[in-house]
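So the chains spell out like this:
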2 protein chains.
Amino acid sequence: MTESDLPVVQLTPGRWGDPEVSVEVPAPALAALHHLGVRRPESGPVDPADRPGLTPQQVAVLAEVVGAEHVATDLTARWAHTRGYSTPDLLRHRAGDTSDMPDAVAFPADHDEVLALLAVCAEHDLAVVPYSGGTSVVGGLAASRRFVTVDLRRLDQLLEVDDISRTATLQAGVRGPAAEALLAKHGYTLGHFPQSYEGASIGGYAAARSSGQSSAGYGRFDQMVVGLTLATPRGTVELGRAPMSAAGPDLRQLVLGSEGAFGIITSVVVRIRPRPEERHFEGWRFDTFEAGLTAVRRLAQDGPLPTVLRLSDEAETAVNHPDGAGGVLAIVGFDGPYKPATADVLTAAGGQNLGAESGEAWRVGRYKAPYLRDPLLDEGALVETLETAGFWSRIPALKAAVTEALVKALSEQGTPPLVLCHVSHVYETGASLYFTVICAQNAEPIDQWRHAKLAANAAIAEAGGTISHHHGVGTDHREAYAAEIGPLAAEALRAVKGVLDPEGVLNPGILLTSS
Amino acid sequence: MTESDLPVVQLTPGRWGDPEVSVEVPAPALAALHHLGVRRPESGPVDPADRPGLTPQQVAVLAEVVGAEHVATDLTARWAHTRGYSTPDLLRHRAGDTSDMPDAVAFPADHDEVLALLAVCAEHDLAVVPYSGGTSVVGGLAASRRFVTVDLRRLDQLLEVDDISRTATLQAGVRGPAAEALLAKHGYTLGHFPQSYEGASIGGYAAARSSGQSSAGYGRFDQMVVGLTLATPRGTVELGRAPMSAAGPDLRQLVLGSEGAFGIITSVVVRIRPRPEERHFEGWRFDTFEAGLTAVRRLAQDGPLPTVLRLSDEAETAVNHPDGAGGVLAIVGFDGPYKPATADVLTAAGGQNLGAESGEAWRVGRYKAPYLRDPLLDEGALVETLETAGFWSRIPALKAAVTEALVKALSEQGTPPLVLCHVSHVYETGASLYFTVICAQNAEPIDQWRHAKLAANAAIAEAGGTISHHHGVGTDHREAYAAEIGPLAAEALRAVKGVLDPEGVLNPGILLTSS
């Protein structure tokens, strides 16, 4: 079973993933959670109450563009497009909170309909939130005023494959497994496998600068994109006439990561590669995270890099492998032939090859971790993840600072957490750090987490990391992002938005602060 | 002798390169040129006449920032900062044309002085042209109004080396050989060797998205930059807290390639690598350019890539190697161990290994080709280069279209040209094409070339290439660039400039059209 055989999952809000898949918290984990003070809450989820949406006149304006059958205004459809999958999003969903619910959902058929929708929305002062997979975990679907969601699921085509250039043109609404299946028919893979793979889409990957689990081999999504088409309220922007160019700034990199604030990406031209004929996954053990970090850095700087390279810290290794051999676990995966030279580097750096079993165990479970969060929330645990990246020399201090900030902020609230961490993306000059936080929910878990999250953001800023390596900005990181790039750069971005979206209807409140 | 042993060349306007190096046109080449109708012109270069520069009050404003000894207003200094090294630049220089001469040259000591200079220039409505190596070949030093040149040669320090992250912080005024020499003391190389290496600078590499001859192994300069500091009339912008980030658009890629229109890059943080212990260069012969193109594409797409990979077409091979074996010549270079697997790919694709001699001949002469242009101009030849890039599937048609446009435009003027071409930069999805054009000068060689250049630009646009792969936009490609990115993207860039340079003093007329 490879990624192209996986089904697309139509995500439903409030609980991650395929509704057919049921995950239970293992009994030993439950016992450990009780030690942290986790108690099952007495009250369950609350159903949302409907509230008025668009006026009939406003609905008619949308229907004129996409057809009445492609505009939804009922509570079910609107609630199914409410927020993404951050823990605060899930908690608000459980509370039946409709404050971020769209007023209507439009389903355009193609680029021209997206363009026309944006034009009429600008004309009628209707805010627009682009929606593909809906997998944001940073509040990327929560506009600061009432809005129309533009769901891109009908833009689901592989438009072109160029075998000579090894590029493919994919529409924005193609979901991860669908992209792989479409490309597999031509013998290719995109090689982009983020944890949100089952539900996330090409447009979302591009808009949020996604990075997948095979980034060591295939690069980030923003490195795969060689061309893109952007629909804005003022017209179309098409970029990318060559792999690289010295004709001015690389404007593709201005649109990638713009999170719908400058326009809606309707298609991208991506670099594709032949499907590998073989794949290998292995586990490796190191005595300490420090030793493992040196090993993965050696591979990132001097090679040969595998396709997948991940390193858990002691806490994450202990939680995920309570019966393991201690130390820390690295996962090493190869698309294509096994590279003995990679193993040599790991061995020389003190690594012990645990063989294919632990590697395969990771591969099989690679998209399943997020499924566990919902039953954990059911049990009364607060579980969330956050991530950053930095240059290698700052990584140890960055990890320590974020961990300390989270422990302090949650312990102060009477809910000492477990903080787990791993490196999942490496570069010659640095790496990402991904944190998982688990503690007991208190009576106000959204506030409880906000307090911890702000402490982590401050620690990241002070330790010299970036506020996000691959989750994006959304609303959750807006202020931290503004601080990271500084007031002049933020003003420049607002000026770009002012040109492309002069009425300010596109994703208001996402990515950019208002001043 | 490696790149770090080469001296920095203080370029002087009007003739390329080290004044100590004298290059003569070989007699057989001269005979061939006579066949093209090339005749030595009767008149020689004209000395420039001085014209009034800044007022004493304006000079005092600059002197207050950098000190009177660091402001030059004499004709010699100003003439030495007039234009770059395109053939039209050289022809205007020979004509003693002072129309693009700066009114003064200021030499700031550091970032803070650059910042202060920009502030006072904005306040006093003095246009500013940043200057480091001065090696533009696209009219990048010819502002549309009278101006002060800010020469960054005093910003010549290696500020920091981070051995763990493998990064170095270099000031903008460090020239290519100086950067290599500074890094060599720490055991590192930047690996950036453009043909302008002897004179070009770090700041220019960044501002113009330079790409060096070792790009297959080390990447483009914009891929080496992980952080940068920009001085603008409104203050400082600092970017790059991690190798990669999902925190919004990659704004580094908005500054790289901005050619001084948004601010002056005063330092960059670049990825560095250990100096290779060995290097190998080889020549390879293919029967046709088409066969060679398939071979280099295979390496770019499936590897293993060498460090240097170039492929001349039949015409270029014949001109450069008149006694050779015909066909086309590829140059393959390795920093570090030789890769037999690369040779296997080339052999399988029909390549014939010509051995180290022709590879070494290329290596030794790699920076010497531009030296030949001046004596050729002396002899009455018109010689110029231009370049583009595109996706692999378009490369053959792009090459044919540009060649045809050049031949037609120059033949129509009674001066049929030789057009030579090579691929010097490869990517998974495409490659660059570099053209050299030689014909007889007519009575108005600047107009003669403009006619040909516009025809080439139109051919590039129509065949789907980018207007520049590594030379940049300057003034020469301004209109073609605006057409390439379209009116909305161009307006967005003007809005960015409006924020960072509200008085419009930075490099007016470079990069962007006024509407």
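Residues numbered from 1 in each chain as written. Chains lettered and ligands numbered in written order. Predicted model: local features only at pLDDT ≥ 70, side-chain atom pairs only at ≥ 80, totals over all residues. Heavy atoms only, no water.

Asker: Help me understand the confidence of the model for chain A in this model?
Answerer: Atomic detail in the predicted coordinates should be set aside for any region of low pLDDT. Averaged over all residues, the pLDDT of chain A is 96; the fraction at 70 or higher stands at 100%. As scored by the predictor, the complex reaches a pTM of 0.97 and an ipTM of 0.97. (pLDDT = per-residue confidence, 0-100.)

Asker: Where do I start with the packing of aromatic side chains in this structure?
Answerer: Think of a pair of aromatic rings as described by two things: how far the centres are apart, and how the planes are tilted against each other in angle. Residues and elements named next belong to chain B. Considering all chains together, one arrives at 12 aromatic pairs over all chains under this definition. Judged by centre distance (5.0 Å) and plane angle (90°), the ring pair of Trp 16 and Tyr 85 falls under edge-to-face. One end of the pair, Trp 16, is in the segment before α1 (27-35); the other, Tyr 85, is in the loop between α3 (75-79) and α4 (87-94), with 69 residues separating them in the sequence. Judged on exposure class, the residue Trp 16 and its partner Tyr 85 are both buried. Consider the rings of Phe 281 and Trp 362, whose centres lie 6.0 Å apart with planes at 40°: the pair is tilted. (Phe/Tyr/Trp six-rings, centres within 6.5 Å; stacked < 30°, edge-to-face > 60°. Helix = DSSP H or I, 4+ residues; strand = E, 2+ residues; numbered from the N terminus. Buried < 20%, exposed > 50% of the residue type's maximum accessible area, 1.4 Å probe, protein only.)

Asker: Before we go on, may I ask you to explain the interface of chain B and chain A in this structure?
Answerer: It is common to give the size of an interface as the accessible area lost on bringing the parts into contact. Across the contact, 79 residues belong to chain B and 79 residues belong to chain A. Taken over both partners, the interface formed by chain B and chain A buries close to 5,800 Å², and the fraction arising from carbon and sulfur atoms is 62%. The three residues of chain B that bury the most area against chain A are Arg241(B), Met244(B) and Leu488(B), which together make up 14% of that side's buried surface. Inspection of the chain B/chain A interface yields nine salt bridges. Linking chain B with chain A are 38 residue pairs in polar contact (both at pLDDT 80 or more), by the criterion used here. The element that contributes the greatest number of residues to the side of chain B that touches chain A is helix α18 (residues 478-500) of chain B, accounting for 12 residues. For the side of chain B that touches chain A, the class distribution of residues is 36 nonpolar, 25 polar and 18 charged. (Contact = heavy atoms within 4.5 Å. Buried area = accessible area lost by both parts, 1.4 Å probe. Salt bridge = Lys/Arg side-chain N within 4 Å of Asp/Glu carboxyl O. Polar contact = N/O pair within 3.5 Å; in protein donor to acceptor, adjacent residues only side chain to side chain. Nonpolar A, V, L, I, M, F, W, Y, C, P; charged D, E, K, R; others polar.)

Asker: Would you mind going over the pattern of salt bridges with me for this structure?
Answerer: Side-chain pairs of opposite charge can arise where the charged atoms are in close proximity. One pass over the structure, following the stated rule, counts 63 salt bridges over all chains. Among the salt bridges present, the one from Arg51(A) reaches Asp103(A), with a minimum N-O distance of 2.9 Å. Residue Arg51(A) is found in the loop between α1 (27-35) and α2 (56-66), and its partner Asp103(A) is found in the loop between α4 (87-94) and β2 (104-106); the two are separated by 52 residues along the sequence. Three or more residues are tied together by salt bridges with common partners; here these are Arg209(A), Arg220(A), Asp222(A), Asp250(B) and Arg252(B).

Asker: So what exactly am I meant to see when it comes to the relation of the copies chain B and chain A here?
Answerer: For these two chain copies, the linking operation is a rotation about an axis paired with a shift along it. Structural alignment of chain B on chain A gives an RMSD of 0.0 Å, achieved by rotating through 180° and translating 0.0 Å along the axis. Here the copies are linked by what is in effect a two-fold axis. Taking C-alpha positions as reference, the residue of chain B nearest the rotation axis is Ala495(B), located at 2.8 Å. Taken as a fraction of all interface residues of chain B, those also at the interface in chain A reach 100%, which identifies the copy contact as same-surface. (Least-squares fit on C-alpha atoms with pLDDT ≥ 70 in both.)

Asker: What is the right way to read the packing of helix α16 (residues 395-411) of chain A against helix α17 (residues 445-462) of chain A from this model?
Answerer: Helices that pack against each other are described as a pair by the angle of their axes relative to one another and the distance between those axes. Residues and elements named next belong to chain A. Between α16 and α17, the least distance of the axes is 8 Å, while the angle of their chain directions is 155°. On the basis of their axis angle, the class for α16 and α17 is roughly antiparallel. In terms of crossing hand, the pair formed by α16 and α17 is right-handed. Note on element contacts: α17 touches α16 through Gln 448, Trp 449, His 451, Ala 452, Ala 455, Ala 456, Ala 459 and Ile 460, opposite Leu 398, Ala 401, Val 402, Ala 405, Leu 406, Ala 409 and Leu 410. Classifying every residue of the contact of α16 with α17 by side-chain character gives 13 nonpolar, two polar and no charged. (Axes fitted to C-alpha atoms, helices over the stretch in contact; angles between N-to-C directions. Parallel < 35°, antiparallel > 145°, perpendicular 65-115°, else oblique. Left-handed = near helix turned anticlockwise from the far one by under 90°.)

Asker: What is the right way to read the pairing of strand β17 (residues 418-423) of chain B from this model?
Answerer: When a strand is regular, its side chains alternate between the sheet's two faces. Residue and element names in this part refer to chain B. Burial of β17 is extensive: five of the six residues sit out of reach of the surface. With two bridges joining them, strand β13 (residues 308-312) and β17 adopt antiparallel strand pairing. When the sheet's bridge partners are listed, Ser 312 is paired in β17 with His 422. Here β17 runs beside strand β18 (residues 430-440); their pairing, made up of five bridges, is antiparallel. Across the sheet, Val 419 pairs through a bridge with Val 437, a residue of β18. (Pairing = 2+ DSSP bridges.)

Asker: Quick question: what am I supposed to make of the UniProt feature "domain: FAD-binding PCMH-type" (unreviewed entry) in chain A here?
Answerer: The positions UniProt marks with the feature "domain: FAD-binding PCMH-type" (unreviewed entry) are residues 98-275 of chain A. As annotated, residues 98-275 of chain A comprises 22% helix and 27% strand, and the C-alpha atoms at either end are separated by 44 Å. (UniProt positions renumbered as here; feature names shortened; annotations may be inferred.)

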